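Here are the chains, one letter per residue:
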Amino acid sequence: MEVVLSLVSLTATKVLQFSGLVDNGNVLKTKKMEEKALEVYDVIRSIRDPEKPNTLEELDVVTEKCVEVRELGEDEYLIIIKFSPTVPHCSLATLIGLCLQVKLQRCLPFKHKLEIYISEGTHSTEEDINKQINDKERVAAAMENPNLREIVEQCVTEPDD
């Protein structure tokens, strides 16, 4: 279904371009942001769940649609990720957010600002968790804890690393 929607979207875009109704510069910029979003998704999709033997992608915690990229300046981007914990009372949602932070900070080859949120309505304490996972001091303090750091490393390390 996604392939069909992508083809329809691409066809509609081309028709609008050729008709002169759409500015080609905006189309190129949009395409570039979509490519960056896919690049980000490719980094996070393989993060493993802290409790289960599955990846976040397999559990639908992250999807292609949960990643948005906006251009902040020349070669600088704002990355917004909205993930959905498997249950509304997930006790490991903060840890999943920490894993997303760590993996993206390590793996993205371009300059970026990162905002990670729990999708609205998918967790009972989403506001508190959103504050925690976007607070640089809390993230740094969490990564100083050897037990927590070991769990994060297990989640973000690729199987063939």
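If you look the protein up in an unreviewed UniProt entry, it shows as Cytosolic iron-sulfur assembly component 2A from Perca flavescens. The record in UniProt for the protein states the following under Sequence similarities (unreviewed entry): "Belongs to the MIP18 family." UniProt annotates the protein under Subunit (unreviewed entry) with the comment "Monomer and homodimer. Component of the CIA complex. Interacts with CIAO1. Interacts with IREB2. Interacts with APAF1."

Relative to each other, helix α5 (residues 136-144) and helix α6 (residues 146-156) sit at 95°, their axes nearing to 5 Å. The orientation of α5 with respect to α6, classified from their angle, is roughly perpendicular. Residues Ala142, Met143 and Glu144 of α5 lie in contact with α6, whose contacting residues are Pro146, Leu148, Arg149 and Val152. Residues belonging to the contact of α5 with α6 are distributed by class as follows: 5 nonpolar, no polar and 2 charged.

Looking at the secondary structure, you find Ser46 in the loop between α2 (24-44) and β1 (67-73). A polar contact is formed between the side chain of Ser46 and the side chain of Glu158, at a distance of 2.6 Å. Residues in contact with Ser46, not counting those within four places in the same chain, are Thr55, Lys103, Cys155 and Glu158.

This brings us to unusual backbone geometry. Unusually for a residue other than glycine, Asp60 sits at a positive phi of about 60°. The residue Asp60 is located in the loop between α2 and β1 in this model. The exposure class assigned to Asp60 is exposed, which follows from its relative accessible area of 52%. Unusually for a residue other than glycine, Asp75 sits at a positive phi of about 60°.

Residue position: Asn130 is located in helix α4 (residues 126-133). Asn130 has contacts with Ile116, Tyr117 and Ile118, leaving out every residue within four places of it along the chain.

As a further point, take the pairing of strand β2 (residues 76-83). Burial runs high along β2: 6 of the 8 residues are buried. Direction of pairing for β1 relative to β2: antiparallel, over a ladder of 6 bridges. By the bridge assignment, Arg70 is partnered in β2 with Leu78. Between β1 and β2, which follow one another and run antiparallel, lie 2 residues, and Asp75 among them has a positive phi close to 60°. Pairing geometry for β2 and strand β3 (residues 111-118), over 8 bridges, is parallel. Counterpart to Lys82 in the pairing with β3 is Tyr117.

Cut-off values and rules
- Residues numbered from 1 in each chain as written.
- Predicted model: local features only at pLDDT ≥ 70, side-chain atom pairs only at ≥ 80, totals over all residues.
- Heavy atoms only, no water.
- UniProt positions renumbered as here; feature names shortened; annotations may be inferred.
- Axes fitted to C-alpha atoms, helices over the stretch in contact; angles between N-to-C directions.
- Helix = DSSP H or I, 4+ residues; strand = E, 2+ residues; numbered from the N terminus.
- Parallel < 35°, antiparallel > 145°, perpendicular 65-115°, else oblique.
- Contact = heavy atoms within 4.5 Å.
- Nonpolar A, V, L, I, M, F, W, Y, C, P; charged D, E, K, R; others polar.
- Polar contact = N/O pair within 3.5 Å; in protein donor to acceptor, adjacent residues only side chain to side chain.
- Buried < 20%, exposed > 50% of the residue type's maximum accessible area, 1.4 Å probe, protein only.
- Pairing = 2+ DSSP bridges.

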